[in-house]
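# Tertiary structure, described
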Amino acid sequence: MEVEVKLRIPDADSHQRLASLLSPFHLQTHLQENVFFDGARGELSSSRSVLRLRFYNADSRCVVSLKGKAVIVDGVSRVEEVEEDFDVSLGRACVAEPWRLAAVDSGLVKRVVDEFRVEGFVCLGGFRNVRAVHAWQGLTLELDETQFDFGTSYEIECESDDPESAKRLLEGFLKENRIPYSFSAVSKFAVFRSGKLPD
Ligand code: MN
Ligand code: MN
Ligand code: MN
């Protein structure tokens, strides 16, 4: 189970100010390209699951993830998640020709094929995310700039076993510095699928 605090930052200006405030704590920034897959008959989406290939910094790394049954309440997201490293050039080949995915040598993908009785995969497309990672107050903060075809959104995320405390700390910091925010109500994937930025 992945548990994360997710707070939405409303605009580029607030995102920029937050990035400056966090710059002393900055560790690294990576460019992620996220591409999503479903079974050809909607086998994954009908179980509220999705398969993702994520490419890091052009093609330096690729990770396959299965995410399922996401629930987000008051800015705290809980999602079943399994991840595995994936061969980068094979990942690119599967994006170009999604039918290849069903035959790849990946424990996770095989499990998906069995569990969801997938006969073939389709690619749903995806989006890019610029993620700036920070070590702050014992937390790992991920400041995201997400580039959808229909616009850009901003979010700060923090994975934690104690999300309520992390949220309190983070909200205190944002309020103190007059950075506007709201609780994210949906995942980036759900925003992508909806085809428009949240209100
Ligand atoms: Mn994760
Ligand atoms: Mn996340
Ligand atoms: Mn995460």
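Reading the values: the criteria
Counting restarts for each chain: residues are numbered from 1 in the order of the written sequence. Chains carry letters from A onward and ligands carry numbers from 1 onward, assigned in written order. Owing to the predicted nature of the model, reporting of local features is limited to residues with pLDDT of at least 70; listing and counting of side-chain atom pairs is limited to 80 or more, with chain, interface and lining totals taken over all residues. Calculation of side-chain values draws on the structure's entire complement of heavy atoms; hydrogens and water are dropped beforehand. Three labels apply to residues, based on accessible area from a 1.4 Å probe with only protein chains included: buried if under 20% of the type maximum, exposed if over 50%, partly exposed otherwise in between. Secondary structure follows DSSP: runs of H or I at least 4 residues long count as helices, runs of E at least 2 residues long count as strands, and numbering of each begins at the N terminus. Whether two strands pair depends on DSSP finding at least two bridges between them. Pairing of aromatic rings covers Phe, Tyr and Trp, the last through its six-membered ring, and needs centres within 6.5 Å; plane angles under 30 degrees mean stacked, over 60 mean edge-to-face, and all others mean tilted.

## Quick word on the pairing of strand β7 (residues 139-148)
Among the ten residues of β7, seven are classified as buried, and the element is accordingly described as predominantly covered. Taken together, the nine bridges between strand β6 (residues 121-136) and β7 define a ladder with antiparallel strand orientation. Along β7, the bridge assignment pairs Arg131 with Asp144. As consecutive antiparallel partners, β6 and β7 are separated by two residues, and within that stretch Gln137 has a phi angle of approximately 50°, a positive value. Taken together, β7 and the strand that follows it, strand β8 (residues 151-159), pair antiparallel across an intervening segment of two residues.

## Considering the packing of aromatic side chains
All told, the structure shown has eight aromatic pairs when counted by the stated rule. Measuring from ring centre to ring centre gives 5.5 Å for Phe36 and Phe127, while their planes differ by 35°; the resulting arrangement is tilted. One end of the pair, Phe36, is in strand β2 (residues 26-39); the other, Phe127, is in strand β6, with 91 residues separating them in the sequence. Pair check on accessibility: Phe36 and Phe127 agree, each one buried. Their ring planes at 45° and their centres at 4.6 Å tell us that Phe36 and Phe189 sit as a pair that is tilted. Residue Phe36 is located in strand β2, and its partner Phe189 is located in helix α5 (residues 188-194); the two are separated by 153 residues in the primary sequence. Taking relative accessible area as the criterion, Phe189 reaches 22% and is therefore assigned partly exposed.

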